[in-house]
Amino acid sequence: MKKNIISTAAGIALMAATFSAQANDPLTLQLKWVTQAQFAGYYAALDQGFYQQAGIDLTIKPGGPDIAPAQVLAGGGADVVVDWLPSALATRERGLPLVNIAQIYERSGMMLTCLKSSGIETPEDFPGKTLGVWFSGNEYPFLSWMSQLGYETTGGDTGVTVLRQGFNVDPLFNGQADCVSTMTYNEYGQVLDGGLTPEFLTLFPYEDGGVATLEDGLYVLESTLEDPDKVDALARFLKATVQGWEWAKENPEAAAMIVLENDDSGAQTEAHQVRMMTEVAKLLSSSEEGIGYLDPAAFDRTVEVLLSSDSSPVISKVPEGAYTHVVYDAMKSLD
(Lines give C-alpha, C1' and ligand atoms only; values in the text may rest on other atoms or scores of the structure.)
Protein backbone atom coordinates (compact mmCIF):
# COMPACT_ATOMS: atom_id res chain seq x y z
CA MET A 1 0.00 0.00 0.00
CA LYS A 2 2.84 2.34 0.91
CA LYS A 3 4.50 1.56 -2.39
CA ASN A 4 1.32 2.48 -4.28
CA ILE A 5 1.07 5.78 -2.39
CA ILE A 6 4.67 6.61 -3.26
CA SER A 7 4.10 5.67 -6.90
CA THR A 8 0.97 7.77 -7.03
CA ALA A 9 2.76 10.73 -5.47
CA ALA A 10 5.64 10.37 -7.88
CA GLY A 11 3.21 10.22 -10.78
CA ILE A 12 1.44 13.36 -9.62
CA ALA A 13 4.79 15.14 -9.26
CA LEU A 14 5.81 14.03 -12.75
CA MET A 15 2.50 15.21 -14.19
CA ALA A 16 2.89 18.56 -12.42
CA ALA A 17 6.42 18.97 -13.74
CA THR A 18 5.27 18.05 -17.23
CA PHE A 19 2.37 20.48 -17.04
CA SER A 20 4.70 23.20 -15.74
CA ALA A 21 7.08 22.66 -18.65
CA GLN A 22 4.20 22.71 -21.10
CA ALA A 23 2.75 25.82 -19.48
CA ASN A 24 5.91 27.86 -20.06
CA ASP A 25 5.54 30.28 -22.94
CA PRO A 26 8.31 29.90 -25.53
CA LEU A 27 9.95 33.17 -26.60
CA THR A 28 12.97 33.83 -28.78
CA LEU A 29 15.14 36.90 -28.21
CA GLN A 30 17.39 38.12 -31.03
CA LEU A 31 20.37 40.14 -29.82
CA LYS A 32 21.80 43.09 -31.72
CA TRP A 33 25.35 41.79 -31.58
CA VAL A 34 27.48 38.83 -30.57
CA THR A 35 27.41 37.24 -27.12
CA GLN A 36 29.05 39.72 -24.76
CA ALA A 37 28.34 41.59 -21.53
CA GLN A 38 26.34 44.19 -23.46
CA PHE A 39 23.58 41.57 -23.07
CA ALA A 40 24.61 40.16 -19.69
CA GLY A 41 21.21 40.76 -18.10
CA TYR A 42 19.45 38.33 -20.44
CA TYR A 43 22.01 35.59 -19.94
CA ALA A 44 22.03 36.18 -16.18
CA ALA A 45 18.23 35.92 -16.03
CA LEU A 46 18.39 32.65 -17.96
CA ASP A 47 21.20 31.26 -15.80
CA GLN A 48 19.58 32.27 -12.51
CA GLY A 49 16.24 30.75 -13.48
CA PHE A 50 14.32 34.03 -13.56
CA TYR A 51 12.70 33.27 -16.92
CA GLN A 52 11.68 29.81 -15.81
CA GLN A 53 10.19 31.25 -12.63
CA ALA A 54 8.22 33.69 -14.77
CA GLY A 55 6.86 30.87 -16.93
CA ILE A 56 9.01 31.77 -19.94
CA ASP A 57 11.01 29.28 -21.98
CA LEU A 58 13.54 31.69 -23.50
CA THR A 59 15.90 31.08 -26.40
CA ILE A 60 18.62 33.69 -26.93
CA LYS A 61 20.03 34.09 -30.42
CA PRO A 62 23.33 36.00 -30.75
CA GLY A 63 23.68 38.62 -33.45
CA GLY A 64 26.58 39.51 -35.68
CA PRO A 65 27.71 41.71 -38.59
CA ASP A 66 25.42 39.91 -41.04
CA ILE A 67 22.35 39.78 -38.80
CA ALA A 68 19.76 42.56 -38.80
CA PRO A 69 17.44 42.07 -35.80
CA ALA A 70 14.47 43.70 -37.54
CA GLN A 71 14.77 41.32 -40.49
CA VAL A 72 14.89 38.33 -38.14
CA LEU A 73 11.74 39.62 -36.42
CA ALA A 74 9.96 40.22 -39.72
CA GLY A 75 10.85 36.72 -40.89
CA GLY A 76 9.45 35.08 -37.77
CA GLY A 77 12.84 34.07 -36.42
CA ALA A 78 12.33 35.93 -33.14
CA ASP A 79 9.56 37.27 -30.93
CA VAL A 80 11.58 40.10 -29.40
CA VAL A 81 14.72 41.85 -30.60
CA VAL A 82 17.32 44.14 -29.07
CA ASP A 83 17.86 47.21 -31.22
CA TRP A 84 18.73 50.89 -31.06
CA LEU A 85 15.91 53.40 -31.35
CA PRO A 86 17.31 55.28 -34.40
CA SER A 87 17.49 52.14 -36.47
CA ALA A 88 14.10 50.94 -35.19
CA LEU A 89 12.43 54.25 -36.12
CA ALA A 90 14.04 54.23 -39.56
CA THR A 91 12.85 50.66 -40.06
CA ARG A 92 9.35 51.60 -38.89
CA GLU A 93 9.15 54.48 -41.34
CA ARG A 94 10.16 52.11 -44.14
CA GLY A 95 7.10 50.00 -43.36
CA LEU A 96 7.98 47.41 -40.71
CA PRO A 97 5.92 48.32 -37.60
CA LEU A 98 8.47 47.90 -34.82
CA VAL A 99 7.34 48.98 -31.36
CA ASN A 100 9.56 49.61 -28.35
CA ILE A 101 8.11 47.74 -25.36
CA ALA A 102 10.96 48.44 -22.92
CA GLN A 103 14.10 50.57 -22.73
CA ILE A 104 17.09 48.87 -21.11
CA TYR A 105 19.81 51.49 -21.56
CA GLU A 106 18.99 54.94 -20.21
CA ARG A 107 22.25 56.52 -21.41
CA SER A 108 24.21 56.22 -24.66
CA GLY A 109 27.60 54.56 -24.63
CA MET A 110 28.62 55.82 -28.05
CA MET A 111 31.47 58.24 -28.62
CA LEU A 112 34.13 59.29 -31.12
CA THR A 113 37.63 58.50 -29.95
CA CYS A 114 40.23 60.70 -31.65
CA LEU A 115 44.01 60.94 -31.71
CA LYS A 116 45.26 64.15 -30.13
CA SER A 117 48.11 64.05 -32.62
CA SER A 118 45.56 64.67 -35.39
CA GLY A 119 44.99 68.15 -33.98
CA ILE A 120 41.40 67.45 -32.95
CA GLU A 121 40.47 69.10 -29.67
CA THR A 122 36.89 70.25 -30.35
CA PRO A 123 34.22 69.47 -32.98
CA GLU A 124 35.37 72.62 -34.81
CA ASP A 125 38.50 70.64 -35.71
CA PHE A 126 36.61 67.87 -37.55
CA PRO A 127 36.64 69.44 -41.06
CA GLY A 128 39.27 67.89 -43.29
CA LYS A 129 39.56 64.85 -41.03
CA THR A 130 38.64 61.20 -41.55
CA LEU A 131 36.15 59.79 -39.07
CA GLY A 132 35.40 56.11 -38.69
CA VAL A 133 31.67 55.38 -38.54
CA TRP A 134 29.72 52.18 -38.06
CA PHE A 135 26.87 51.59 -40.47
CA SER A 136 24.03 49.02 -40.53
CA GLY A 137 21.83 51.45 -38.59
CA ASN A 138 24.51 52.71 -36.21
CA GLU A 139 25.38 55.68 -38.42
CA TYR A 140 22.18 57.64 -37.84
CA PRO A 141 23.21 59.60 -34.72
CA PHE A 142 26.54 60.47 -36.35
CA LEU A 143 24.94 61.76 -39.54
CA SER A 144 22.51 63.87 -37.55
CA TRP A 145 25.39 65.27 -35.50
CA MET A 146 27.37 66.24 -38.60
CA SER A 147 24.26 67.88 -40.05
CA GLN A 148 23.80 69.92 -36.88
CA LEU A 149 27.41 71.03 -37.13
CA GLY A 150 26.92 71.93 -40.79
CA TYR A 151 29.56 69.51 -42.07
CA GLU A 152 29.16 67.60 -45.31
CA THR A 153 30.11 63.95 -45.05
CA THR A 154 31.57 63.71 -48.55
CA GLY A 155 35.04 64.97 -47.70
CA GLY A 156 36.87 68.16 -48.57
CA ASP A 157 38.43 70.84 -46.40
CA THR A 158 35.10 72.04 -45.03
CA GLY A 159 33.55 68.62 -44.55
CA VAL A 160 34.54 65.28 -43.10
CA THR A 161 35.55 62.08 -44.82
CA VAL A 162 33.56 59.12 -43.54
CA LEU A 163 35.34 55.80 -43.30
CA ARG A 164 32.99 52.83 -43.12
CA GLN A 165 34.49 51.33 -40.01
CA GLY A 166 34.42 47.66 -39.24
CA PHE A 167 33.53 46.63 -35.74
CA ASN A 168 37.06 47.14 -34.51
CA VAL A 169 39.43 50.06 -33.88
CA ASP A 170 42.12 49.14 -36.39
CA PRO A 171 41.79 52.37 -38.43
CA LEU A 172 43.07 54.38 -35.48
CA PHE A 173 46.24 52.31 -35.28
CA ASN A 174 46.98 51.87 -39.00
CA GLY A 175 46.59 55.53 -39.92
CA GLN A 176 43.31 55.19 -41.83
CA ALA A 177 41.31 57.48 -39.56
CA ASP A 178 41.78 60.39 -37.17
CA CYS A 179 38.82 59.26 -35.07
CA VAL A 180 36.92 56.01 -34.70
CA SER A 181 33.53 55.14 -33.29
CA THR A 182 33.72 53.40 -29.93
CA MET A 183 31.38 52.29 -27.20
CA THR A 184 32.38 53.14 -23.64
CA TYR A 185 31.91 49.49 -22.69
CA ASN A 186 33.68 47.84 -25.61
CA GLU A 187 35.87 49.40 -28.30
CA TYR A 188 37.26 52.16 -26.08
CA GLY A 189 38.78 49.39 -23.97
CA GLN A 190 40.30 47.94 -27.14
CA VAL A 191 41.93 51.29 -27.85
CA LEU A 192 43.44 51.32 -24.37
CA ASP A 193 44.53 47.70 -24.69
CA GLY A 194 46.28 48.67 -27.93
CA GLY A 195 48.57 50.99 -25.99
CA LEU A 196 46.93 54.38 -26.47
CA THR A 197 46.51 55.85 -23.00
CA PRO A 198 43.92 58.59 -22.29
CA GLU A 199 46.47 61.44 -22.53
CA PHE A 200 46.92 60.61 -26.23
CA LEU A 201 43.19 60.70 -26.94
CA THR A 202 40.34 63.19 -27.25
CA LEU A 203 36.90 61.78 -26.49
CA PHE A 204 33.54 63.03 -27.74
CA PRO A 205 30.74 61.20 -25.93
CA TYR A 206 27.45 61.62 -27.77
CA GLU A 207 25.78 62.25 -24.40
CA ASP A 208 27.99 65.30 -23.80
CA GLY A 209 27.42 66.62 -27.30
CA GLY A 210 23.64 66.63 -26.96
CA VAL A 211 23.25 64.19 -29.84
CA ALA A 212 22.83 60.97 -27.87
CA THR A 213 20.01 58.70 -28.93
CA LEU A 214 18.48 55.77 -27.10
CA GLU A 215 20.34 52.53 -27.62
CA ASP A 216 19.55 49.01 -26.41
CA GLY A 217 15.80 48.58 -26.15
CA LEU A 218 13.36 45.70 -26.67
CA TYR A 219 11.13 45.65 -29.75
CA VAL A 220 8.27 43.56 -31.07
CA LEU A 221 5.96 43.78 -34.05
CA GLU A 222 2.85 45.89 -33.57
CA SER A 223 0.59 42.91 -34.26
CA THR A 224 2.07 41.06 -31.26
CA LEU A 225 0.56 43.63 -28.91
CA GLU A 226 -2.95 42.92 -30.21
CA ASP A 227 -2.94 39.53 -28.44
CA PRO A 228 -3.57 39.80 -24.64
CA ASP A 229 -1.89 36.44 -24.02
CA LYS A 230 1.26 37.61 -25.78
CA VAL A 231 1.25 40.86 -23.81
CA ASP A 232 1.02 38.81 -20.62
CA ALA A 233 3.95 36.63 -21.72
CA LEU A 234 5.98 39.72 -22.64
CA ALA A 235 5.25 41.26 -19.23
CA ARG A 236 6.57 38.17 -17.50
CA PHE A 237 9.56 38.11 -19.84
CA LEU A 238 10.28 41.74 -19.01
CA LYS A 239 10.01 41.16 -15.28
CA ALA A 240 12.58 38.36 -15.48
CA THR A 241 14.77 40.48 -17.75
CA VAL A 242 14.79 43.36 -15.28
CA GLN A 243 15.67 40.91 -12.49
CA GLY A 244 18.53 39.64 -14.64
CA TRP A 245 19.91 43.11 -15.25
CA GLU A 246 19.63 44.09 -11.61
CA TRP A 247 21.45 40.89 -10.65
CA ALA A 248 24.17 41.47 -13.26
CA LYS A 249 24.65 45.05 -12.05
CA GLU A 250 25.19 43.84 -8.49
CA ASN A 251 27.37 40.89 -9.56
CA PRO A 252 29.47 42.11 -12.51
CA GLU A 253 32.18 39.47 -12.27
CA ALA A 254 29.74 36.59 -11.95
CA ALA A 255 27.65 38.02 -14.81
CA ALA A 256 30.76 38.22 -16.99
CA MET A 257 31.49 34.57 -16.31
CA ILE A 258 27.93 33.62 -17.32
CA VAL A 259 28.45 35.49 -20.59
CA LEU A 260 31.69 33.59 -21.20
CA GLU A 261 29.92 30.29 -20.58
CA ASN A 262 27.47 31.19 -23.36
CA ASP A 263 30.11 32.42 -25.82
CA ASP A 264 30.43 29.59 -28.34
CA SER A 265 32.99 31.56 -30.35
CA GLY A 266 35.56 31.53 -27.55
CA ALA A 267 36.61 35.01 -28.66
CA GLN A 268 35.82 36.81 -25.42
CA THR A 269 38.12 37.14 -22.42
CA GLU A 270 37.28 37.38 -18.74
CA ALA A 271 39.04 40.73 -18.22
CA HIS A 272 37.29 42.34 -21.19
CA GLN A 273 33.86 41.05 -20.18
CA VAL A 274 34.23 42.17 -16.56
CA ARG A 275 35.23 45.63 -17.74
CA MET A 276 32.34 45.68 -20.21
CA MET A 277 29.81 44.70 -17.55
CA THR A 278 31.15 47.40 -15.24
CA GLU A 279 30.71 50.05 -17.93
CA VAL A 280 27.32 48.74 -19.11
CA ALA A 281 26.00 49.04 -15.55
CA LYS A 282 26.54 52.81 -15.80
CA LEU A 283 24.11 52.98 -18.75
CA LEU A 284 21.20 51.23 -17.05
CA SER A 285 18.32 53.25 -15.68
CA SER A 286 18.75 54.68 -12.21
CA SER A 287 15.40 56.50 -12.23
CA GLU A 288 12.49 55.80 -9.93
CA GLU A 289 10.70 53.94 -12.73
CA GLY A 290 13.65 51.57 -13.06
CA ILE A 291 15.03 49.46 -15.89
CA GLY A 292 12.58 48.90 -18.71
CA TYR A 293 10.77 52.23 -18.61
CA LEU A 294 11.07 54.36 -21.74
CA ASP A 295 11.09 58.02 -20.73
CA PRO A 296 8.92 59.93 -23.25
CA ALA A 297 11.27 62.93 -22.95
CA ALA A 298 14.23 60.74 -23.95
CA PHE A 299 12.20 59.40 -26.87
CA ASP A 300 11.40 62.95 -27.98
CA ARG A 301 15.07 63.94 -27.77
CA THR A 302 16.03 61.01 -29.96
CA VAL A 303 13.40 61.96 -32.51
CA GLU A 304 14.58 65.57 -32.47
CA VAL A 305 18.17 64.49 -33.15
CA LEU A 306 17.09 62.25 -36.01
CA LEU A 307 14.92 64.93 -37.61
CA SER A 308 17.67 67.53 -37.41
CA SER A 309 19.60 66.21 -40.38
CA ASP A 310 18.93 68.68 -43.21
CA SER A 311 20.57 66.83 -46.06
CA SER A 312 19.59 63.23 -45.36
CA PRO A 313 17.20 62.96 -42.43
CA VAL A 314 17.05 59.60 -40.72
CA ILE A 315 13.27 59.94 -40.45
CA SER A 316 11.04 62.44 -42.22
CA LYS A 317 8.33 62.94 -39.59
CA VAL A 318 7.56 62.46 -35.92
CA PRO A 319 6.62 58.78 -35.53
CA GLU A 320 3.36 57.70 -33.94
CA GLY A 321 2.86 54.47 -32.03
CA ALA A 322 6.59 53.67 -32.01
CA TYR A 323 6.65 52.85 -28.31
CA THR A 324 4.24 51.65 -25.67
CA HIS A 325 4.14 51.30 -21.89
CA VAL A 326 1.53 48.54 -22.08
CA VAL A 327 4.03 45.75 -21.38
CA TYR A 328 5.88 47.78 -18.73
CA ASP A 329 2.61 48.56 -16.94
CA ALA A 330 1.54 44.91 -17.13
CA MET A 331 4.91 43.95 -15.65
CA LYS A 332 4.38 46.34 -12.76
CA SER A 333 0.99 44.80 -12.06
CA LEU A 334 2.75 41.45 -11.52
CA ASP A 335 4.62 42.78 -8.47
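Details of the structure are given in the entry above.
Here's what I pulled together on the structure shown here. (Residues numbered from 1 in each chain as written. Predicted model: local features only at pLDDT ≥ 70, side-chain atom pairs only at ≥ 80, totals over all residues. Heavy atoms only, no water.)

### A few points about the overall build of the chain
Stage number 1. In terms of helices and strands, the chain carries 13 helices and ten strands.
Stage number 2. Relative to the 2.2 N^0.38 estimate, which gives 20 Å for 335 residues, the radius of gyration of the chain is 22 Å and therefore close to what a compact globule would have.
Stage number 3. Counting only C-alpha atoms, the chain reaches 90 × 45 × 35 Å along its principal axes.
Stage number 4. In the chain, which comprises 335 residues, the share counted as buried stands at 50%. (Helix = DSSP H or I, 4+ residues; strand = E, 2+ residues; numbered from the N terminus. Rg over C-alpha atoms; globule rule 2.2 N^0.38 Å. Buried < 20%, exposed > 50% of the residue type's maximum accessible area, 1.4 Å probe, protein only.)

### Here's the deal with the nonpolar core
Stage number 1. In terms of nonpolar packing, the biggest core is built from 71 residues, with Tyr42, Leu112, Phe126, Leu218 and Trp245 touching the most fellow members.
Stage number 2. Here this core gets ten residues from one element, more than from any other, and that element is helix H9 (residues 228-250).
Stage number 3. Ignoring sequence-local partners within four residues, the contact set of Leu112 consists of Phe126, Leu131, Gly132, Phe142, Trp145, Cys179, Val180, Ser181, Thr202, Leu203, Phe204 and Tyr206.
Stage number 4. Core analysis: the next-biggest nonpolar cluster, separate from the first, contains 22 residues, Val81, Leu85, Leu89 and Tyr140 among them. (Core = buried A, V, L, I, M, F, W, Y, C linked by side-chain atoms within 4.5 Å. Contact = heavy atoms within 4.5 Å.)

### Observations concerning the packing of helix H10 (residues 252-261) against helix H11 (residues 270-280)
Stage number 1. At a closest axis distance of 8 Å, the pairing of H10 and H11 adopts a crossing angle of 125°. As summarised for this structure, H10 and H11 are arranged oblique, according to the angle between their axes. The hand of the H10/H11 crossing is right-handed. Residues Pro252, Glu253, Ala255, Ala256, Met257, Val259 and Leu260 of H10 pack against Glu270, Gln273, Val274, Met277 and Thr278 of H11. (Axes fitted to C-alpha atoms, helices over the stretch in contact; angles between N-to-C directions. Parallel < 35°, antiparallel > 145°, perpendicular 65-115°, else oblique. Left-handed = near helix turned anticlockwise from the far one by under 90°.)

### A closer look at the pairing of strand E4 (residues 98-103)
Stage number 1. Most of E4 sits inside the fold, with six of its six residues counted as buried.
Stage number 2. Pairing geometry for E4 and strand E10 (residues 217-221), over five bridges, is antiparallel. Residue pairing for E10: Ala102 is matched across the bridge by Leu218. (Pairing = 2+ DSSP bridges.)

### So, the sheet that holds strand E3 (residues 80-83)
Stage number 1. A sheet is described by the order of its strands in space; here five strands give the open sequence E2-E1-E3-E10-E4, paired in mixed fashion. Two strands bound the open sheet, and with one partner strand each, they are strand E2 (56-61) and E4. Strand after strand, the sheet turns through a mean of 30° between neighbouring axes, direction not considered.
Stage number 2. As judged from the two bridges shared by strand E1 (residues 25-30) and E3, these two strands associate in the parallel manner. If you follow Gln30 over to E3, its bridge partner there is Val81.
Stage number 3. Along the sheet face, helix H5 (residues 85-93) touches E3, E4 and E10 and points at about 160° away from the line of E4.
Stage number 4. Helix-sheet contacts for H9 involve E1, E2, E3, E4 and E10, and the interaxial angle to E1 is about 60°.

### Here's the deal with the state of the cysteines
Stage number 1. Considering all chains together, one arrives at one disulfide under this definition.
Stage number 2. With a sulfur-sulfur separation of 2.1 Å, Cys114 is cross-linked through a disulfide to Cys179. With the S-S bond torsion at 105°, the cross-link from Cys114 to Cys179 turns out right-handed. On the criterion of sequence distance, the pair formed by Cys114 in strand E5 (residues 110-115) and Cys179 in strand E8 (residues 179-183) is long-range, its members being 65 residues apart. Comparing Cys114 with Cys179 shows no difference in burial state: the two are buried. (Disulfide = S-S within 2.5 Å.)

So far we have only geometry, and geometry alone does not tell us how the molecule works.
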